Amino acid sequence: MASSRLAPHAGKLTATAAADIPLQNLKLPAGFKAEIWSHGTPGGRAMARGESGKIYVGTRGLGRVYEISDNGRERTSRVVVDKLNQPAVAMHNGSLYVMAIDKVLRYDGIESNPNVQPVDLTAKFNLPPEQHHNWKYIRFGPDNKLYVPFGAPCNICLLPAEGYAQLRRYNADGSNMEVVATGIRNTQGFDWHPVTKELWFSDHGRDWMGDDSPEDELNRITRVGQNFGFPYCHANGVADKDIKKDKPCDGVTLPVQTLGGHTAAMGVHFYTGNMFPSDYKNAMFVARKGSWNRTKKSGYDVLMVRTDANGQNPQVTPFVTGFLDDKTDAFWGRPVYMLQLPDGSLLLSDEQLGAIYRITYARS
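Just so we're clear, the structure is a prediction, and the values are computed from it rather than from any experiment.

Caption draft 1: Up close: the overall build of the protein. If you tally the helices and strands in the protein, you get one helix and 29 strands. Relative to a compact globule of 364 residues, whose C-alpha radius of gyration would be 21 Å, the protein shows 19 Å and is just as compact. In terms of principal-axis extent, the alpha carbons of the protein reach across some 60 × 50 × 45 Å. Classification of the 364 residues of the protein by burial places 57% in the buried group. Residue pairs in contact within the protein that sit at least 24 positions apart in sequence constitute 53% of those at least 6 positions apart. Put simply, the protein shows about 15,600 Å² of open surface, and 46% of that area lies on carbon and sulfur atoms. Between the averaged position of the 41 positive side-chain charges in the protein and that of its 38 negative side-chain charges there is a distance of 2 Å.

Caption draft 2: Geometry of unusual backbone geometry. Geometrically, the link from S213 to P214 is a cis peptide bond, its omega value of -10° lying close to zero. Residue placement: P214 occurs in the loop between β15 (199-203) and β16 (215-221). With an omega of 5°, the peptide bond running from F230 to P231 counts as cis. On the secondary structure map, P231 appears in the loop between β17 (226-227) and β18 (233-234). Notably, K83 is not glycine yet its phi reads approximately 65°, a positive angle. Note that K83 resides in the loop between β5 (75-81) and β6 (88-92). A positive phi angle is found at N313, which is not glycine, with a value near 55°. Judged by relative accessible area, which is 58%, N313 ranks as exposed.

Caption draft 3: Region of the structure containing the nonpolar core. With 41 residues, the main nonpolar core has I55 and L146 as its most contacted residues. Discounting residues that sit within four places of it in the chain, L146 has contacts with A90, Y97, M99, F125, I138, R139, F140, R168, R169 and Y170. Listed in part, the 28 residues of the second largest apolar core include F32, Y280, W332 and Y357.

Caption draft 4: The packing of aromatic side chains, seen in detail. Taken as a whole and assessed by the stated rule, the structure comprises 25 aromatic pairs. Summarising the aromatic geometry, the rings of F32 and Y361 are spaced 4.8 Å apart at their centres and angled 55° between planes, so their arrangement reads as tilted. Taken together, the residues F32 in strand β1 (residues 32-38) and Y361 in strand β29 (residues 355-361) connect sequence positions 329 residues apart. With a centroid separation of 4.6 Å and an interplanar angle of 50°, the aromatic rings of F125 and Y170 are classed as tilted. With a gap of 45 residues between them, F125 in helix α1 (residues 122-125) and Y170 in strand β12 (residues 166-170) connect regions that are remote in the sequence. Take F125: its relative accessible area is 0%, and that puts it in the buried class. Grouping aromatic residues by their ring pairs yields a cluster made of F32, Y271, F276, Y280, F285, F319 and Y361.

Caption draft 5: Representation of the pairing of β29 in the model. Most of β29 is tucked away: seven of the seven residues are buried. The sheet contact formed by β1 and β29 spans six bridges and is antiparallel. When the bridges of β29 are listed, F32 appears paired with Y361. Relative to β29, strand β28 (residues 346-350) is paired through five bridges, and the arrangement is antiparallel. Looking across to β29, one finds that L348 is bridged to Y357. Taking the residues that link successive antiparallel strands as the turn, the β28-β29 hairpin has four residues, and the phi of G354 there is positive, at about 65°.

Caption draft 6: Representation of the state of the cysteines in the model. As enumerated under the stated definition, the model contains two disulfides in all. Here C154 is linked by a disulfide to C157, with a sulfur-sulfur distance of 2.0 Å. The S-S bond linking C154 to C157 shows a torsion near -75°; that makes this disulfide left-handed. For the residue pair C154 and C157, the accessibility class agrees, reading buried in each case. Residue C233 pairs covalently with C249 via a disulfide, S to S 2.0 Å. Here the S-S torsion is close to 100°, and the disulfide linking C233 with C249 is therefore right-handed. Within this pair, whereas C233 is found in strand β18, its partner C249 is found in the loop between β19 (238-239) and β20 (257-261), the two being separated by 16 residues in sequence. Under the relative-accessibility criterion, C233 is labelled buried at 2%. By sequence order of its bonded cysteines, the protein has the disulfide arrangement 1-2, 3-4.

Reading the values: the criteria
- One numbering rule holds for all chains: residues counted from 1, following each sequence as written.
- For this predicted model, a pLDDT threshold of at least 70 governs which residues receive local features, and a threshold of 80 or more governs which side-chain atom pairs are given and counted, while totals over whole chains, interfaces and linings are taken from all residues.
- Excluded from the side-chain calculation are hydrogens and water; included are all heavy atoms of the structure.
- Numbering of helices and strands starts at the N terminus; helices are DSSP runs of H or I of at least 4 residues and strands are runs of E of at least 2.
- Atoms considered for the radius of gyration are the C-alpha atoms alone. The globule rule reads 2.2 Å times the number of residues to the power 0.38.
- To sort residues, take the accessible area from a 1.4 Å probe on protein chains only and compare it with the maximum for the residue type: under 20% means buried, over 50% means exposed, and anything in between is partly exposed.
- Two residues form a contact once any of their heavy atoms are found within 4.5 Å.
- Areas reported as accessible are Shrake-Rupley estimates using a 1.4 Å probe. Residue values count occlusion only from the protein chains shown.
- Counted charges follow a simple rule, with Lys and Arg positive, Asp and Glu negative, and His plus the chain ends left uncounted.
- Positions of charges follow a simple convention, taking NZ of Lys, CZ of Arg, CG of Asp or CD of Glu.
- Here, the term nonpolar core denotes a set of buried Ala, Val, Leu, Ile, Met, Phe, Trp, Tyr and Cys residues that are joined through side-chain atoms within 4.5 Å.
- Only Phe, Tyr and Trp rings take part, Trp by its six-membered ring, and two of them pair if their centres are within 6.5 Å. Stacked means planes under 30 degrees apart, edge-to-face means over 60, and tilted covers everything else.
- Criterion used throughout: strands pair if DSSP finds at least two bridges between them.
- Cysteine sulfur pairs qualify as disulfides if the two atoms are within 2.5 Å.

Written out as structure tokens, the structure is:
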């Protein structure tokens, strides 16, 4: 596709003032409100919350990890570490885990000791070296294991070696690595169902097969060892046009729901709080960062997904829209991750503007 004029959108990696964030453009269901919770953290992606309430935020393009503190009146931020290769964050037992493409660091007791030096765990995690699709959303699961995805090192290809297009889990110290699932091109977010404890994850479809195909996916892992199709089978059974084999979708676990072509589905979050109406309990939010490999842009929003008790029959409705102007095809923000606060409100990070919005609900 060398003749195509489509290309990824460059991120805005400088601070954006609150006055320059057009929050009034956002649309939410009746009773919901979005406000600017913090800003001035360029490139912020996934968030993790410490027991004291401090929020840690990883980045991709800047190689930076932020710590955001809230004194009840305002939020202030500092840089914990800089010049890493696409760091992501997770909190576990009072320790901040920072995982980059080629490094794993653990900051013990960082909330009370901001100058603590990290423990380097890199050697224990056996990280594959390729950078393409290897930014990692990391999270500790209900089993206290650290779950780490390793994306495909290409748009579409036969995998060059073991260790790619898979989801792994580790003990907190990096020992006892286990491959949980394979055939995952590029998951950028996952969460566990509050009742069933099954893991659900987003996955990006490949590029250069048209505006609408293959779609991004919302998947559900019901047992260890499932295969989700990459590189032969995409979305709801779409055979790849370049990487071919007989019966490409045999044995493949198909998605619970497709999420649109090239919409860049990112964070996945099951809502467990009490602030939102009762029918939001255990519903899932999916942030879609927004397309680039598409003639007309799509995504740039947050969806709500409800399923039945068996994780089937999904119903998808818009939750946050307004980052994209459908008339002009221009966007101003790119929503990426959610984090639920103890009061039941929801934080939503915007990678494009380096801001975090707080979503609340109040009955009229």
